[in-house]
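Okay, here's what each chain looks like letter by letter:
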Amino acid sequence: MNDFHDALRSLRVWDTELPAFAPEDAPPEPLALFHDWFTAAVAAGQSEPHTLSLATADTEGRPDVRTVMLHDADARGWHFASHATSAKGRQLAARPEAALGFYWPVQGRQVRVRGRVVTGTPEEAYEDLHARTTGALAAALVGRQSEVLDSPETLAEASGAAWRRAETDPSAAVPTWTLYVVEPSEVEFFQGDAARRHLRLRYHRTPDGWTRELLWP
């Protein structure tokens, strides 16, 4: 326990020079700013900037969260994919709302997205999966995501068979693979500050477009 507390208390946040952010110069819609911040994170050497935390809720309203990969961000919304039969797929079918969280510590930045979730077409899901690697297809072919696994040996056997199929049949379909799009109702941009004067800019969708407001840190 002492080792844990010593390690925890030894950590520092944003031990780097942070970029400036002028909220008054932000674009009128959040997508352009997200694209700018994302490409800046890539240029700054942020590890895996395309990973995000995805929060959903089950039928009893209990929250759930996991890390997934961003597949796109366009005028429709923020895209990710999974099996419709997975835990998150079942939760989204029952409660089609989600929150996303991006954290890019190399620049002290966070982006939070909330909104309704819709599914893409089967054709879009097929194209999404087959634009990725052989390993991604093999993992999708294994399926059974979130089900109870009896042993690592069972997984190894199923994975081996899936890899062989992915390599010999790269156009194989995975019917449960689903493309999800978060249609944003709120998007918040957080810029950290070494003096703890963090800047938070929130976009809120209205019937007439987007409004912007600053939040206390």
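Residues numbered from 1 in each chain as written. Predicted model: local features only at pLDDT ≥ 70, side-chain atom pairs only at ≥ 80, totals over all residues. Heavy atoms only, no water.

1. Overview of the pattern of salt bridges
Once their charged atoms are close, side chains differing in charge can pair, the charge on each being opposite to the other. Filter applied, for reference: For salt bridges, the criterion is a side-chain nitrogen of Lys or Arg within 4 Å of an Asp or Glu carboxyl oxygen. The buried label applies to any residue whose accessible area, calculated with a 1.4 Å probe on protein chains only, is under 20% of its type's maximum; exposed applies above 50%, and partly exposed to all values in between. Helical segments are the DSSP runs of H or I of at least four residues, strand segments are the runs of E of at least two, and each set is numbered from the N terminus.
Evaluation of the coordinates by the stated rule reveals nine salt bridges. Residues Asp58 and Arg62 are paired through a salt bridge, measuring 2.7 Å at the closest nitrogen-oxygen approach. Residue class for Asp58 comes out buried when judged on its relative accessible area of 13%. The salt bridge involving Glu186 is made with Arg114; its shortest N-O contact spans 3.6 Å. Taken as a pair, Glu186 in strand S7 (residues 177-191) and Arg114 in strand S6 (residues 109-119) lie far apart in primary sequence, 72 residues in all. Several salt bridges converge on common partners, so that one network encompasses Asp58, Glu60 and Arg62.

2. Examining the pairing of strand S9 (residues 209-215)
As a reminder of what qualifies: One bridge is not enough; two strands pair if DSSP finds at least two bridges between them.
Note that strand S8 (residues 199-206) and S9 share seven bridges and pair antiparallel. What sits directly across from Leu201, in S9, is Leu214. Between S8 and the antiparallel strand that follows it, S9, lie two residues.

3. Concerning helix H5 (residues 134-142)
Along an α-helix, residues three or four apart share an orientation, since each turn contains 3.6 residues. Rules: Should any heavy atoms of two residues lie within 4.5 Å, those residues are considered in contact.
Of all the residues in H5, the buried ones are Ala136, Leu137, Ala138, Ala140 and Leu141. Where the residues of H5 are buried, they touch strand S4 (78-83), helix H4 (122-130), helix H6 (152-168) and S7. A positive backbone phi angle near 65 degrees is found at Gly143, which sits one or two residues after H5.

4. Structural notes on unusual backbone geometry
The backbone of Ser146 shows a phi angle near 80 degrees, a positive value even though the residue is not glycine. One non-glycine residue, Arg196, lies in positive phi territory at about 70 degrees. Residue placement: Arg196 occurs in the loop between S7 and S8. Since its relative accessible area comes to 48%, Arg196 is described here as partly exposed.

5. Details of the pairing of S6
Of the strand pairs in this sheet, strand S5 (residues 97-104) and S6 are connected by eight bridges, and their pairing is antiparallel. Pairing of Tyr103 across the sheet is with Gln110, part of S6. Count of turn residues in the S5/S6 antiparallel hairpin: four residues, of which Gly108 carries a positive phi of about 65 degrees. As defined by bridge partners, S6 adjoins S7 across 11 bridges and the pair is classed as antiparallel. Bridging across to S7, Val117 finds its partner in Val182.

6. Section: the packing of aromatic side chains
Here is the rule we go by: Each aromatic pair joins two rings of Phe, Tyr and Trp (for Trp, the six-membered one) with centres within 6.5 Å, and gets the label stacked for planes under 30 degrees apart, edge-to-face for over 60, and tilted for any other angle.
All told, the structure shown has 12 aromatic pairs when counted by the stated rule. Relative to Trp104, the ring of Phe38 has its centre 6.1 Å away and its plane inclined at 75 degrees; by these criteria the two rings are edge-to-face. Separated by 66 residues along the polypeptide, Phe38 in helix H2 (residues 30-43) and Trp104 in strand S5 bring together distant segments of the chain. Given the relative accessible area of 21%, Phe38 is considered partly exposed. Ring centres of Phe80 and Tyr180 lie 5.4 Å apart, and the angle between their planes is 20 degrees; this geometry places the pair in the stacked category. With Phe80 in strand S4 and Tyr180 in strand S7, the pair connects residues that are 100 residues apart, well separated along the chain. Overall, the relative accessible area of 4% leaves Tyr180 in the buried class. Every member of this aromatic cluster is reached through a ring pair, and the members are Phe21, Trp37, Phe189, Tyr203 and Trp210.

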